[in-house]
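# Per-entry structural report
Given next are the chains, with one letter for each unit.
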Amino acid sequence: MRPLPELSITHYRHFLLVAELRSFRAAAARAFRSQPALSLSIREMEQRLGQPLFEPGNRGTLTRFGQDCLPLARELVQHHDRVAGALSGLASNEAGTLTMASVATVATHWLPELVATYRERYPAVALRLFDDNSEGVERMVLAGEVELGVCSPVSQDRRLAFEPLLRDAFGLVCHRGHPLARRKSVTWREIEDLPLVGTIAHRQLAGYPQAAFMLDRQVFVSNMMSLLAMLERGVGVTVLARLGVPPDSRGLAFVPLSAPRIERELGITRLAGRSLSPAAARMEEMLRAKAAKRGRSVV
């Protein structure tokens, strides 16, 4: 098989200009090249192809071979420009896809504002957003289903890199009519005998003896929407971090827990040692800015 000729996209562009304008002089002016330089480019192309593209006695007229090459050269240049434009768009975050997962806390409190701003700044970027608990977010990052996750560190998997954004204190979450709803704070001992509903978020309480009773409850609910619906109907109470309570849950009260004050850490999770796409890197910057604006701790 004959080796492919080594031709640059510039060769093809010069060929198309001469074929379109039927003049080496006009083509050189359009290409911002001297006429000798453009003639050399065409001559190189002909030598590497092994056939003349223009008639020797009338250099503005295509040979039959040149006519056959014309649509192929035009297709190649158009494809090159499409690919170059797409790559440029990806690099400048004017195109591409952002895949991201977050815990419900961030999905409820932060994402509506962040997504609106992101869409305004980068309208051509497609968004794929998922919400799950921290374990689920870490699994999606490890599986490559998402580039970026916002959650609490759970697995301590070395394949993951974690960047803390803020700390969020735990408290009692109950119906506003509950006897403890108006308290400024309660202790872990005071809530131990309440009808507490367990959830996966309570795994973050492991290591705190005062909160050990939360790790083995008779009623366990993994879905946050179901849990909040139960609490709003007065079916039990639970312990959540402050941001775990949606801002529009008017029927619920959050009472800070003390003795001791226990906080969870929320941050950005990504694959260790891997760079982010421009689309994900922009969202990472916005998350950092949002956390800096709020401060490191949520009361």
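These numbers were taken from a predicted model, which means no experiment stands behind them.

## Observations concerning the pattern of salt bridges
Evaluation of the coordinates by the stated rule reveals 13 salt bridges. With a shortest N-O distance of 2.5 Å, Arg13 and Asp81 are connected by a salt bridge. Taken together, the residues span a long stretch of sequence, with Arg13 in helix α1 (residues 9-21) and Asp81 in helix α4 (residues 64-91) at a distance of 68 residues. Two residues, Glu113 and Lys290, come together in a salt bridge whose shortest N-O distance is 2.7 Å. Of the two residues, Glu113 sits in helix α6 (residues 111-121) while Lys290 sits in helix α10 (residues 278-294), which places them 177 residues apart along the sequence. Judged by its relative accessible area of 43%, Glu113 falls in the partly exposed class. Given a relative accessible area of 13%, Lys290 falls into the buried group.

## A closer look at the packing of aromatic side chains
Here the structure, examined in full by the defined rule, presents four aromatic pairs. On the numbers, 5.8 Å between centres and 65° between planes, the contact of Phe15 with Phe54 is edge-to-face. Here Phe15 is found in helix α1, whereas its partner Phe54 is found in strand β1 (residues 54-55), with 39 residues between them in sequence. On the accessibility criterion, Phe15 (0% relative accessible area) is buried. Considering the side-chain rings of Trp188 and Phe213, the 6.3 Å spacing of their centres and the 65° angle between planes classify their relative orientation as edge-to-face. A residue pair is termed long-range when its members are at least 10 positions apart, and Trp188 in helix α8 (residues 188-191) and Phe213 in the loop between β8 (197-198) and β9 (219-220) qualify at 25 residues. Judged by relative accessible area, Trp188 falls into the buried class, the value being 1%. For Phe213, a relative accessible area of 14% puts it in the buried group.

Conventions and cut-offs
- Residues numbered from 1 in each chain as written.
- Predicted model: local features only at pLDDT ≥ 70, side-chain atom pairs only at ≥ 80, totals over all residues.
- Heavy atoms only, no water.
- Salt bridge = Lys/Arg side-chain N within 4 Å of Asp/Glu carboxyl O.
- Helix = DSSP H or I, 4+ residues; strand = E, 2+ residues; numbered from the N terminus.
- Buried < 20%, exposed > 50% of the residue type's maximum accessible area, 1.4 Å probe, protein only.
- Phe/Tyr/Trp six-rings, centres within 6.5 Å; stacked < 30°, edge-to-face > 60°.

Scope: geometric values only; no functional claims are made or implied.
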